[in-house]
Every structure is written in C-alpha cells, then in structure tokens.
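Coordinate analysis (summary)
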2 protein chains.
Amino acid sequence: MVLMVVTKYAKKILEIVESSRSHMTAEQIFEQLRITYPKVVLATVYNNLNRLWDENRIRKVSVEGMADRYDRIVRHDHLVCKRCGKLLDVDLGDLTVQLEQKAGISILSYDLKLLYLCEECRTNTKQKGT
Amino acid sequence: MVLMVVTKYAKKILEIVESSRSHMTAEQIFEQLRITYPKVVLATVYNNLNRLWDENRIRKVSVEGMADRYDRIVRHDHLVCKRCGKLLDVDLGDLTVQLEQKAGISILSYDLKLLYLCEECRTNTKQKGT
DNA sequence: ATAAACATTAGAATTATTCTAAAAATGGTG
DNA sequence: CACCATTTTTAGAATAATTCTAATGTTTAT
C-alpha cells in the first residue's frame, strides 16, 4: 500500500492538477485530459480525483455554492472573493502546530480561507452578481 | 439600506439558524420552517439564506462534496472529519488581526477548518488509505 | 390609489456528482 | 502462457443541490 497512482489517467490527472496554478474544476480537468486521451469520460475524472484526494495527493477546495476545485498539495492558503468566488493563492505559513495546540487535537491538515472583496467587485457594483 | 430582514420568512429563518447548533442544510431549515409556515417553498428558503448570507447575518459553511450548511455568525471554527464530513465546533480564538497582518490585506472574515479523522472513522475501517 | 419595488411561488432547468452494471485492462500464479 | 481475481473504465441513468423564470402577491412611497 505504498505505491499509488498507477493508471495512466490518474497519473495524467495528477500532472494536470500539479502543473496548474488555477484551481481547476473537475470539468476543466476533464477538458484538459481529453487533449491527451480523447476517449476518457467524466466519471473517470471524478473517480480519480476522489482517489487522489483520499490518498492525500491533491487538495480539494470548496467555495460555497460552487463546484469543488482541485489544487496541488503544496501548502498555501486561499483568498476568496466573497462576491464572485474568485480564488487566489496566499501563503500565511504553516500554522499546524499552533492550531493543534489551540485545538488540543492532532489534525491531518487544515483549510484556511480569507474572505474579502476583490478589486473588481469592490469598484463595480454594490449589489450582488459576479 | 440599514434595516434588513423584514419579512416573516427571513426573520424566522434567521431565528432557526441562530438557535441551532447543528449546521443545518437548506433542506433541514426548510423542514423546520414548514412547522411554522406550512405553505413556504424551498426556493424561498434559498432566497432568504442567500440574502442573509450577503448581509453577513449568517455564515455558510461548505464541506467538499456536501450540501452547504448554514451557521450562526458568532465566531468559531470547525473540525471536519475528512472521511465522513462530520462537523464540530471548536474555537481557536480570533485570528483576524494576525491573518490580516500576514496577508497584508484587509479581510471581511475568514474560514478555518481543521481536517481530522473522527473516532468512528478512525476505528471503523482502514481501507482507503490513512 | 397608483406605480414602483420587492418577495413569494411553482415548477422547470441546470449543475455537480455519484451510482450501477457491464466491459476492459492488469496482475499474479501455477 | 492461461486463468482467475482485482481494479479501472465506461456509458448512461439517477440523485441532489441550487438557481432560474415568469406569474402573482405584498408593501411602500408618492
């Protein structure tokens, strides 16, 4: 149970997620994967993403009300525009130890999102919409 | 634009969310609301939840792959079981200032989830890694 | 009282994601 | 290699969650 990611699809999917800095959705990963393997099916992408996530090889990022996004595992945090959902990377350093101490429990990882209003949303309009 | 939450539905929904400690889904809130207003419709619940969230009167909590949950605004963090998605409250104190400093940006709020494996999931099965 | 603005409804429509069962690929064994 | 067990992929149906649309109802301000 040490060697994982054997299939070509899993391998390529991991590659896609890791080489992208753009928090792709399953659908986008699917499109990307299709370039190399035109026969592949969306369910396969979901299967593999779930497996990779289970094995801690990718991160899953969920923003309220939007499709889940997948991200490389390298630790970093996210800045999320509360209005349009735009996601940016930001690195606040590793808070694991601090958090474990405060919580008094040992954790697998943590997920930190800072909610703000992006430039556009701030200037554009004061009501909702992207 | 200062007085909000005027309608009976919004009022009651806010009441339900605030008086519950259980991170309810829209569906559950709907059921609860129906006790008082049997005529109400699910879309109304979504409309109101979205409005309340927009107005910062409730929190929305999303756990990967599950329906969004709604929560009172009182600051606290969450412990999420990575396997079963179970959600628990935990309070690590207010990190806003620290985070704003590290990020060098002013934020509306933040969302911190600690991922762990709950007792049950830890003992139950060892398949799927971890 | 009337018009403008906002809220609610019903149900269809859209998305995202999982499930199911069958077919295909892979792996190890004798 | 030949066989069986296991895992992966496929296609498409199924399930959820959430939004949209258009009509209708309610409230507010004039």
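The present account deals with the structure reproduced in this document. As the structure is a prediction and not an experimental result, all values here were calculated from the model.

With that settled, the discussion passes to the sheet that holds strand S5 (residues 87-90) of chain B. Pairing within the open sheet is mixed, and its six strands lie in the order S5(A)-S4(A)-S6(A)-S6(B)-S4(B)-S5(B). Across the chains shown, the open sheet's two edge strands, defined by having one partner strand only, are strand S5 (87-90) of chain A together with S5 of chain B. Strand-to-strand twist of the sheet, defined as the mean angle between neighbouring strand axes without regard to direction, takes the value 30°. Bridging between strand S4 (residues 77-81) of chain A and strand S6 (residues 109-116) of chain A involves four bridges; their strand directions are parallel. If you follow Val 80 of chain A over to S6 of chain A, its bridge partner there is Leu 115 of chain A.

Right, let's get into the relation of the copies chain B and chain A. Each of the two chain copies can be brought onto the other by rotation about an axis and movement along it. Once chain B is rotated about the relating axis by 180° and shifted along it by 0.0 Å, it coincides with chain A to within an RMSD of 0.1 Å. Such a turn and shift between the copies fits a two-fold axis. Residue Leu 112 of chain B, judged by its C-alpha, is the member of chain B lying nearest the rotation axis, at 2.3 Å. Comparing interface residues between copies, 100% of those in chain B also sit at the interface in chain A, which points to an isologous, same-surface contact.

Once that is clear, we can look at the packing of helix H1 (residues 8-19) of chain B against helix H2 (residues 26-36) of chain B. Residue and element names in this part refer to chain B. As a packed pair, H1 and H2 sit with axes 10 Å apart at the nearest point and diverge in direction by 120°. Between H1 and H2, the angle is such that the two are oblique. The way H1 lies across H2 gives a crossing that is right-handed. Note on element contacts: H2 touches H1 through Ile 29, Gln 32, Leu 33 and Thr 36, opposite Tyr 9, Lys 12, Ile 13, Ile 16 and Val 17. For the contact of H1 with H2, the per-class residue count stands at six nonpolar, two polar and one charged.

What follows concerns the protein's contact with DNA strand C. Surrounding DNA strand C, one finds 16 residues, the nearest of these being Tyr 46 and Asp 68 of chain A together with Tyr 9, Val 41 and Thr 44 of chain B. Per the 4 Å cut-off to the protein, sugar and phosphate atoms form 85% of the nearby atoms of DNA strand C. In the model, a phosphate oxygen of DNA strand C is placed 3.4 Å from a nitrogen or oxygen of the Thr 7 of chain B side chain. A distance of 3.1 Å separates a phosphate oxygen of DNA strand C from a polar atom in the side chain of Tyr 9 of chain B.

The rules behind each value
- Residues numbered from 1 in each chain as written.
- Chains lettered and ligands numbered in written order.
- Predicted model: local features only at pLDDT ≥ 70, side-chain atom pairs only at ≥ 80, totals over all residues.
- Heavy atoms only, no water.
- Pairing = 2+ DSSP bridges.
- Helix = DSSP H or I, 4+ residues; strand = E, 2+ residues; numbered from the N terminus.
- Axes fitted to C-alpha atoms, helices over the stretch in contact; angles between N-to-C directions.
- Least-squares fit on C-alpha atoms with pLDDT ≥ 70 in both.
- Contact = heavy atoms within 4.5 Å.
- Parallel < 35°, antiparallel > 145°, perpendicular 65-115°, else oblique.
- Left-handed = near helix turned anticlockwise from the far one by under 90°.
- Nonpolar A, V, L, I, M, F, W, Y, C, P; charged D, E, K, R; others polar.
- Near = heavy atom within 4 Å.
- Polar contact = N/O pair within 3.5 Å; in protein donor to acceptor, adjacent residues only side chain to side chain.

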